[in-house]
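# Topology and contacts: notes
Residues per chain, in single letters:
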Amino acid sequence: MRRVPFLAGNWKMHKGPKETKEFIVELFAAIAKDTSLKGFLKENKVELGIFPPFVSLETAGREIASADISLSLGAQNMHWEDSGAFTGEIAGEMLMEVGCKYVILGHSERRHIFGESDETIGKKMIKALEIGLKPVLCVGETLEERDEGITESVVKRQLEEALRGLREYENIKDNIVIAYEPVWAIGTGRKASDEDAQSVCAYIRKFIEERFGSTAAKGIRILYGGSVKPDNAKGLMEQKDIDGALIGGASLDVGSFLGIARNTIEALQ
């Protein structure tokens, strides 16, 4: 049985509460008119999720809770402590209180702009799983690392450090999502070829098998992220080790977000 594709919209620093409500209302109206897409969502054959900024999460959670259409909610980051003197930070339980199911950890912008280390990301992974949040762990290489031919070693290091403390979590296939995002493809309009994306996602699945076993490897969802758009989604989703997408700019528009969803469904048929 194929893993359920997950299409996750990372809004980054876009859409306050007002725009978030307008987007969700428009999204649900569009889905309601599309019987095929609505059917896939209702039958859990595809999962849609949005990751708004912190200030918009409560609004999003309220709109989602009042609808009869399935839409998952996630946050873009969290702290590894439950509370404390950490100005500007957000605890995982706060995210769950407003309806979050997922949290993105280790996004390249957090790593390369804000200096988050592999060790920090590992601590966040442990805390998220302890409290019942599902982390979407991001890994990926820079253009320089790709040109040096060290993509797999970079990804391996990121996975090893992020998952180092997780041996006790046997059911990682249901509790963790991994997103391969080559840094050079994020927001640039460039994307890895379908074959290159598949190759790295297959490597990630092999790593999970060696570390956690075949059941975990067969069940865990691995996404591709980096300039995913409606016109390139189908080719990506046809790859056997790619189970969805972490979507940036294209997730900010209802038409393009659902265009990716429709082309994903086409790839499944």
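This text gives an overview of the structure that appears in the document.

## Overview of the pairing of strand β3 (residues 72-75)
Burial along β3 is two-sided: the residues Ser72 and Gly74 and Leu73 and Ala75 are all buried. The parallel pair strand β2 (residues 47-51) and β3, bridged by helix α3 (residues 54-65), forms a crossover whose chirality is right-handed. Summarising the sheet, β3 and strand β4 (residues 102-105) pair through two bridges and their orientation is parallel. Within the sheet, the bridge partner assigned to Ala75 lies in β4 and is Val103. A crossover links β3 with its parallel partner β4, the connecting element being helix α4 (residues 92-97), and its sense is right-handed.

## What about the sheet that holds strand β6 (residues 177-180)?
Read around the barrel, eight strands follow the order β1-β2-β3-β4-β5-β6-β7-β8 and close on themselves; strand pairing throughout is parallel. Mean inter-strand twist for the sheet, computed between neighbouring axes without regard to direction, equals 25°.

## Here's the deal with the packing of aromatic side chains
Per the stated rule, a full pass over the model turns up four aromatic pairs. Taken together, a centroid distance of 4.8 Å and an interplanar angle of 75° make the contact between Trp11 and Phe23 edge-to-face. One end of the pair, Trp11, is in the loop between β1 (6-10) and α1 (17-33); the other, Phe23, is in helix α1, with twelve residues separating them in the sequence. Here the two residues Trp11 and Phe23 agree in accessibility, since each one is buried. An aromatic cluster is built from Phe6, Phe51 and Tyr102, whose rings are joined through pairwise contacts. Lying across the ring of Phe114, Arg110 places its NZ or CZ 4.2 Å from the centre.

## Regarding the nonpolar core
Formed by 73 residues in total, the largest nonpolar core has its most connected members in Leu163 and Ile208. Top contributing element to this core by residue count: helix α10 (residues 194-212), with eight residues. Excluding its chain neighbours within four sequence positions, the residues that come into contact with Ile208 are Leu163, Ile172, Ile178, Gly213, Ala216, Ala217 and Ile220. In terms of nonpolar packing, the next biggest core, distinct from the first, is built from eleven residues, Ala8, Val136, Val177 and Leu223 among them.

## Side note on the environment of Gly115
As for its position among the elements, Gly115 is in the loop between α5 (108-112) and α6 (118-131). Since its relative accessible area comes to 56%, Gly115 is described here as exposed. Along the primary structure Gly115 and Lys191 are separated by 76 residues, whereas in three dimensions their C-alpha atoms are 24 Å apart.

## Re the pairing of strand β8 (residues 244-247)
Burial along β8 is two-sided: the residues Gly244 and Leu246 and Ala245 and Ile247 are all buried. Judged from the four bridges that link them, β1 and β8 form a sheet pairing that is parallel. Paired with Ala8 across the bridge in β8 is Leu246. Relative to β8, strand β7 (residues 221-225) runs parallel, the two sharing two bridges. Looking at the pairing, Tyr224 lines up with Ala245 of β8. As for the winding sense of the linkage, the β-α-β connection from β7 through helix α12 (residues 230-237) to β8 is right-handed.

The rules behind the values
- Residues numbered from 1 in each chain as written.
- Predicted model: local features only at pLDDT ≥ 70, side-chain atom pairs only at ≥ 80, totals over all residues.
- Heavy atoms only, no water.
- Buried < 20%, exposed > 50% of the residue type's maximum accessible area, 1.4 Å probe, protein only.
- Helix = DSSP H or I, 4+ residues; strand = E, 2+ residues; numbered from the N terminus.
- Right-handed = clockwise from strand over helix to strand, strands pointing away.
- Pairing = 2+ DSSP bridges.
- Axes fitted to C-alpha atoms, helices over the stretch in contact; angles between N-to-C directions.
- Phe/Tyr/Trp six-rings, centres within 6.5 Å; stacked < 30°, edge-to-face > 60°.
- Lys NZ or Arg CZ within 6 Å of the ring centre and 35° of its normal.
- Core = buried A, V, L, I, M, F, W, Y, C linked by side-chain atoms within 4.5 Å.
- Contact = heavy atoms within 4.5 Å.

Interpretation note: all reported values are geometric properties and have no functional meaning in isolation.
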